Amino acid sequence: MPAPTTPEAVVDLIGLVAYGELLAFDRMAADARLAPDLRRRAALSEMAAAEIGNYRRLADWLTALGTAPEEAMAPYAGALQAYHDSTEPKDWLEAVTKAYVGDGITDDFLGEMADRLDEPYRQLLRDVLHDTRYAEFAVAEIRAAIEADPRVANRLSMWARRLVGEALSQAGRVAAADRGALTALIGQDGMDAPALFGKLTANHTARMTAAGLNN
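Residues numbered from 1 in each chain as written. Predicted model: local features only at pLDDT ≥ 70, side-chain atom pairs only at ≥ 80, totals over all residues. Heavy atoms only, no water.

Some points on the packing of helix H2 (residues 38-64) against helix H3 (residues 69-86)
Taken N-terminus to C-terminus, the directions of H2 and H3 make an angle of 110°; their axes are 8 Å apart at the nearest point. In terms of orientation, H2 and H3 fall into the roughly perpendicular class. Every residue of H3 that contacts H2 at Tyr55, Ala59, Leu62 and Thr63 is listed here: Pro69, Ala72 and Met73. For the contact of H2 with H3, the residue count by class is six nonpolar, one polar and no charged. (Axes fitted to C-alpha atoms, helices over the stretch in contact; angles between N-to-C directions. Helix = DSSP H or I, 4+ residues; strand = E, 2+ residues; numbered from the N terminus. Parallel < 35°, antiparallel > 145°, perpendicular 65-115°, else oblique. Contact = heavy atoms within 4.5 Å. Nonpolar A, V, L, I, M, F, W, Y, C, P; charged D, E, K, R; others polar.)

Structure follows, in structure tokens:
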């Protein structure tokens, strides 16, 4: 049974996820313009709309908890924005690979953190993390591209490795911005940072394999 969640941990984690949802909306709306046809553009635009809906829900929770959403998000804005700025996709396939790899790792991490919260916050965060719909969409796009041109696999595999490297480098900045509440959550249930990283790495490896990419 998780230890009682501190108010600081709740606000900090919701703030982190809320800013991630806001950025996801921005990114998906921009990436939709890279789509090769209207069907794909519409699909990504619909997913972007879902992201802003998730952000609004989290912002309302923060307000109800007595915290201005912008104050809860501010500590994490620099690191998350820096990651996206340094990994701007050049084309449609890089865009869907970035979402598949980056969102996958992020959701795995946030899911682990959410499971350490009390209800109703645990379910709130689980509800707004990306469902399988976008992952399935991205995998289908990646695998179809590889089938059409097997050389694509190497290019996207290298891109995915760069994404992971950039994400890890910015994770240090997120940790530095933490007031201590999120760090304390990681230590619950006897899991330390190396063990958590190992779990995230294993999930990432399985995700790459499912998309036909090399680790």
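Examining the side chain of glutamate 141
Along the polypeptide, glutamate 141 turns up in helix H6 (residues 132-148). A distance of 2.7 Å separates a polar atom in the side chain of glutamate 141 from a polar atom in the side chain of arginine 40. Apart from residues lying up to four places away in sequence, glutamate 141 is in contact with Arg39, Arg40, Trp92, Leu93 and Val96. (Polar contact = N/O pair within 3.5 Å; in protein donor to acceptor, adjacent residues only side chain to side chain.)

Focus: the packing of helix H4 (residues 92-114) against H6
In the contact formed by H4 and H6, the axes pass within 9 Å of each other and the chain directions differ by 140°. For the element pair H4 / H6, the angle class is oblique. Judged by the sense of rotation from one axis to the other, the crossing of H4 with H6 is left-handed. Two secondary-structure elements touch here, H4 through Trp92, Leu93, Ala95, Val96, Thr97, Ala99 and Tyr100 and H6 through Tyr134, Ala135, Phe137, Ala138, Val139, Glu141, Ile142 and Ala145. (Left-handed = near helix turned anticlockwise from the far one by under 90°.)

Here's the deal with the packing of aromatic side chains
Counted according to the given criterion, the structure contains three aromatic pairs. Ring geometry for tryptophan 92 against phenylalanine 137: centres 6.2 Å apart, planes inclined by 85°, an arrangement best described as edge-to-face. Of this pair, tryptophan 92 sits in helix H4 while phenylalanine 137 is found in helix H6, placing the two residues 45 residues apart along the sequence. Here tryptophan 92 and phenylalanine 137 have matching classes, each one buried. What links up through ring pairs into an aromatic cluster is the set Trp92, Tyr134 and Phe137. The ring of tyrosine 83 is capped by lysine 98, whose NZ or CZ atom sits 5.4 Å from the centre of that ring. (Phe/Tyr/Trp six-rings, centres within 6.5 Å; stacked < 30°, edge-to-face > 60°. Buried < 20%, exposed > 50% of the residue type's maximum accessible area, 1.4 Å probe, protein only. Lys NZ or Arg CZ within 6 Å of the ring centre and 35° of its normal.)

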